[in-house]
Amino acid sequence: MQTNDLSVPLVAENSSEPSIVQIKELSKIYRQGEINVTALNRISLSIARREFLTLMGPSGSGKSTLLHIIAGIDRPTSGHCIVQGVEVTQLSESELADWRNQNVGFVFQTFNLLPVLTAFENVELPLLLTRLTSKQRKKQVLTALELVGLADRTSHLPRQLSGGQEQRVAIARALVTDPQLIVADEPTGNLDSTSAHEVLDILRSLCNDAGKTVIMVTHDPKAAAFGSRNVHLEKGELAP
Amino acid sequence: MSIGGFILRNAVRNKRRALLSILSVAVSLFLLVTLLVGLRELTQPPTDEASAARIVVRNKISLGNLLPRRQRATIEKIPGVAAVTPFTWFGGKFRDEEVMFGQFAIEPKLLLTIFGEAKMPPEQFEAFVNDPTACIIGIKTAEKYGLKLGEFMKLQGTFWPIDLNLKLVGIYADGIDDRNLFFHHRQLDEMPNNTGEVGTWWVKAASLEDVGPVVQTINAAFANTTAAVRAETERAFQLSFISMWGNIKMLVLSICSVVVFTLVLVSASTMSMAVRERFRELAILKAIGFRRRELFAFILAESFGLAAAGAVIGVGGAWGIFNHTDLVASASQNFMVLFEVTPRIMGQACFVATLLGIVASIAPSLSVARMSVVEGLKTLD
Ligand SMILES: Nc1ncnc2c1ncn2[C@@H]1O[C@H](COP(=O)(O)OP(=O)(O)O)[C@@H](O)[C@H]1O
Ligand SMILES: [Mg+2]
């Protein structure tokens, strides 16, 4: 169940290739009866390793759609999306599921956590799909929670946490499997500025200190300022 | 946390709904088991060898039509017949009430020959045979009415135009039905204006091999007389008696199917609801790498768990009440004596529960399979 077992052409030139994501001519068109909605229009984009890329743009410009395709939870209508050398658009449903488990960490805008599980258990979820023993899982979960500064909140349920703490637990869950890529869709959209700052700080340090690649959608310029590169989307196209 | 713990946590997240759905499964399965047990009780013929060798002869027209006394001599002469007794239902009121114990007029000295199973002290039997005004009763009736030996029992005739005052001289136990009362057929024979009729003849065949030929010979013997008869084994007789209730088996079985059908609908909609409100969470699980088959397994396990919990309460409760208390026997005034949950009935109820668990998870599994992650993420609680 390793990614390199998958029978997918390795399009990446070699492992020293600095870009982790290569997007070529990517389009996503929604057909609604007679009307076609073009969410993404022939986008080409390359994202380097250890980059903290922020995606900005007005509502409906296709930011989430792009992020979903890169993260392997949505499929494009045409074009290529190569992540870590794997053409994700060609993986089957279950190959994609495995691939996501090992390569991508998700942080969504709200309701990231399962309400019936504690912070610890929420973070542990992705590890239930691995072969780790419960002792190994525990170690990794605690490390991740420590990284986001919540080692003392392990047995709290989501409703017993503040919005900012919830997002930090979500980040801990995103990085517990040690993926190269972290994707976040407006992670600070519902937070006050102090909590937002904490969350953005953590994302930045994941990039700078832990060597992760972070892609974050936001429409807040202050949040975007935390990134190392900013990309604008306008009506499904990259704005210059 | 284990996967099992995760499933359990989800199953009981909405405690009231989980409880209600477990209870609805429990109540329905309890009802199902009760119906099946009742059906078995009503249609269960005696299966021992003695009863297989007994033959009941009744009027071909109906059980309500009587038979002439002179038939007895003819029957006794048939080869393979060991004994014949008149056996007439009296159906009187006792202590001014309709009662649930049968009262039968018979020939006392043949009682043990023909109905050998019941246990009674020999001296009580002796007393019964020797006193034409005597009667014996089963232990259940004796206990129910607190009757003692030597007491007189007044029976008011309803079907027969006569009141009886019988001296209780014997109490038997371990018969087919420990409720019945037996008295001398002479009481009816010597009644004023008696036309010399009996309700039925009960015949004991000399051996099991004789049963078939004896039945045929008796039927043929009276075929063209004014009182044509229908002879059959006791077992067949009991079964035909049941069918007089209308097709009770069909009725009970169709109620059972309605119960099961309703149960399936209720469970399926409960599971669909439980899963629909969890769409976003299931989408998140998908995003972090859980595959369809794992989500199916969660849903199936939850649905199955609820059905199993309901089965434990419903079927277990029925088993506890029916097999370990006398509630039904006393509530039905000893009309339903055995009322026993057999392993077979338990198996049937558990099979229904299993089926339920599976069927209820089909629709939610399909909708989860169709749901894409992005679509699921858009649904907010
Ligand atoms: N399931 C869908 N069906 C039809 N149109 C959709 C669907 N999802 C998104 N869209 C359209 O695609 C465009 C981009 O959506 P999205 O990526 O969510 O925008 P953003 O995240 O930038 O606000 C929008 O115009 C939106 O209406
Ligand atoms: Mg969006």
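Caption draft 1: Main features of the overall build of chain B. Secondary structure assignment for chain B yields 16 helices and twelve strands. Scored against the burial criterion, the 381 residues of chain B give a buried share of 49%. Carbon and sulfur atoms provide 62% of the accessible area of chain B, an area that totals close to 18400 Å². Counting 38 positive and 33 negative side-chain charges, chain B places the averaged centre of each group 12 Å from the other.

Caption draft 2: Structural view of the pattern of salt bridges. Enumeration over the complete set of coordinates arrives at 22 salt bridges over all chains. One salt bridge in this structure joins D201(A) and R204(A), with 3.1 Å as the shortest N-O distance. Placement of the pair is D201(A) and R204(A) together in helix α6 (residues 193–208), with a separation of three residues, close to one helical turn. On the basis of relative accessible area, D201(A) is assigned to the partly exposed category, the value being 31%. In this structure, the salt-bridge partner of E302(B) is R278(B), at a minimum N-O distance of 2.9 Å. Placement of E302(B) in helix α13 (residues 292–324) and of R278(B) in the loop between α11 (248–276) and α12 (279–287) is noted, with a sequence separation of 24 residues between them. When sorted by exposure, E302(B) lands in the same class as R278(B), which is buried. Through salt bridges with shared partners, one network takes in R72(B), E76(B), E107(B) and K109(B).

Caption draft 3: Summary view of the packing of α11(B) against helix α15 (residues 343–370) of chain B. Residues and elements named next belong to chain B. It is at 8 Å that the axes of α11 and α15 come closest, and there the two elements cross at 40°. As for how α11 packs across α15, the hand of that crossing is right-handed. Taking contact as the criterion, the partners of V260, L263, V264, S267, A268, M271, S272 and V275 in α11 are, on α15, V352, L356, V359, A360, A363, P364 and V368. In the contact of α11 with α15, the residues fall into 13 nonpolar, two polar and no charged.

Caption draft 4: Representation of the packing of aromatic side chains in the model. All names here are of chain B. What the rule picks out here adds up to 16 aromatic pairs over all chains. Here the aromatic rings of F30 and F322 are separated by 5.6 Å at their centres, their planes lie at 45°, and the arrangement is tilted. Here the residue F30 occupies a position in helix α2 (residues 15–43), and F322 occupies one in helix α13, the gap between them amounting to 292 residues. Judged by its relative accessible area of 29%, F30 falls in the partly exposed class. Seen in terms of ring centroids, F159 and W160 are 5.7 Å apart; in terms of plane orientation they differ by 80°. Their pairing is edge-to-face.

Caption draft 5: Just the confidence of the model for chain B, in detail. Summing up the model confidence of chain B, the mean pLDDT is 87 and the portion of residues at 70 or higher is 93%. Here the predicted complex carries an ipTM of 0.90, next to a pTM of 0.72.

Caption draft 6: Molecular detail of helix α5 (residues 163–175) of chain A. For α5(A), built from 13 residues, the straight-helix expectation of 18 Å at 1.5 Å per residue is met to within 8% by its first-to-last C-alpha distance of 19 Å. Buried residues dominate α5(A), accounting for eleven of its 13 residues. All of the buried residues in α5(A) are G164(A), Q165(A), Q167(A), R168(A), V169(A), A170(A), I171(A), A172(A), R173(A), A174(A) and L175(A). Contact partners of the buried residues in α5(A): β6 (104–107), α3 (119–124), α4 (134–147), β7 (181–185) and α6 of chain A together with α12 of chain B.

Caption draft 7: Representation of the environment of R168(A). All names here are of chain A. Assignment of secondary structure puts R168 in helix α5. On the basis of relative accessible area, R168 is assigned to the buried category, the value being 12%. Every residue in contact with R168, bar those within four places of it in the chain, is listed here: V148, G149, L150, E198, V199 and I202.

Caption draft 8: Fine view of the interface of chain B and chain A. Taken together, the contact between chain B and chain A spans 22 residues of the former and 27 residues of the latter. In total, about 2300 Å² of surface goes out of reach between chain B and chain A, with carbon and sulfur atoms giving 68% of it. On the chain B side of the contact with chain A, M1(B), I288(B) and R291(B) bury the most area, a combined 28% of that side's loss. Run the count over chain B and chain A and you get two salt bridges. Counting only elements with at least two residues in the side of chain B that touches chain A, the list comes to α1 (3–11), α12, α13 and α16 (373–378) of chain B. In terms of residues, the side of chain B that touches chain A owes the most to one element, α12(B), which gives six residues. Residue classes in the side of chain B that touches chain A are distributed as twelve nonpolar, two polar and eight charged.

Caption draft 9: The nonpolar core, seen in detail. Counting residues in each nonpolar core, the largest one holds 61 residues, and the members touching the most others are V21(A), I23(A), L66(A), I70(A), L125(A), I215(A) and L285(B). Element by element, the count of residues in this core is highest for α12(B), at six residues. Residues within four places of I215(A) in sequence aside, it is in contact with V21(A), I47(A), L53(A), L55(A), L67(A), I70(A), L181(A), I182(A), V183(A) and A184(A). Counting 34 residues, the second-largest nonpolar core is a separate cluster that includes L113(A), V148(A), L200(A) and L203(A).

Caption draft 10: Seen up close, the side chain of S365(B). Residue and element names in this part refer to chain B. The residue S365 is located in helix α15 in this model. Judged by relative accessible area, which is 11%, S365 ranks as buried. Ignoring sequence-local partners within four residues, the contact set of S365 consists of F296 and I299.

Caption draft 11: Quick peek at the domain arrangement of chain B. The assigned domain composition of chain B is domain 1 (3–45 + 246–378) and domain 2 (61–227). Here domain 1 of chain B and domain 2 of chain B have C-alpha centroids that lie 49 Å from each other.

Caption draft 12: The arrangement of the site of ligand 1 in detail. By nearness alone, 13 residues border ligand 1, and G60(A), K63(A), S64(A), T65(A) and K378(B) come closest of all. One finds residues of chains A and B in close proximity to ligand 1. G60(A) has a polar backbone atom sitting 2.7 Å from an oxygen atom of ligand 1. Here S64(A) contributes a side-chain N or O atom positioned 2.7 Å from an oxygen atom of ligand 1.

Caption draft 13: View of the sheet that holds strand β8 (residues 213–217) of chain A. Residues and elements named next belong to chain A. Sheet architecture is open: six strands sit in the order β6-β7-β8-β3-β9-β10, paired in mixed fashion. Among the strands making up the open sheet, the edge pair consists of β6 and β10 (237–239). On average, adjacent strands in this sheet sit at an angle of 25° to one another, irrespective of strand direction. In this structure, β7 lies alongside β8, joined through five bridges in parallel fashion. Paired with I182 across the bridge in β8 is V214. Each of β6 and β7 is contacted by α5, which is oriented at about 170° to β6, the strand it contacts most.

Caption draft 14: Local environment of a nonpolar patch on the surface. Residues and elements named next belong to chain B. Residues L300, F351, L355, I358, V359, I362 and L366 make up a contiguous nonpolar surface patch of about 600 Å² in total accessible area. If one sorts the elements of the nonpolar patch by residue count, α15 sits on top with six residues. Take I358: it is sitting in helix α15. A relative accessible area of 41% places I358 in the partly exposed class.

Procedures and definitions
Residues numbered from 1 in each chain as written. Chains lettered and ligands numbered in written order. Predicted model: local features only at pLDDT ≥ 70, side-chain atom pairs only at ≥ 80, totals over all residues. Heavy atoms only, no water. Helix = DSSP H or I, 4+ residues; strand = E, 2+ residues; numbered from the N terminus. Buried < 20%, exposed > 50% of the residue type's maximum accessible area, 1.4 Å probe, protein only. Areas by Shrake-Rupley, 256 points an atom, 1.4 Å probe, with all protein chains shown as cover. Lys, Arg positive; Asp, Glu negative; His and termini not counted. Charge placed at Lys NZ, Arg CZ, Asp CG, Glu CD. Salt bridge = Lys/Arg side-chain N within 4 Å of Asp/Glu carboxyl O. Axes fitted to C-alpha atoms, helices over the stretch in contact; angles between N-to-C directions. Left-handed = near helix turned anticlockwise from the far one by under 90°. Contact = heavy atoms within 4.5 Å. Nonpolar A, V, L, I, M, F, W, Y, C, P; charged D, E, K, R; others polar. Phe/Tyr/Trp six-rings, centres within 6.5 Å; stacked < 30°, edge-to-face > 60°. pLDDT = per-residue confidence, 0-100. Expected span 1.5 Å × (residues − 1). Buried area = accessible area lost by both parts, 1.4 Å probe. Core = buried A, V, L, I, M, F, W, Y, C linked by side-chain atoms within 4.5 Å. Domains from an automatic or database assignment. Near = heavy atom within 4 Å. Polar contact = N/O pair within 3.5 Å; in protein donor to acceptor, adjacent residues only side chain to side chain. Pairing = 2+ DSSP bridges. Patch = residues over 30% accessible without salt bridge, like charges linked within 9 Å, V, L, I, M, F, W, Y side chains within 5 Å.

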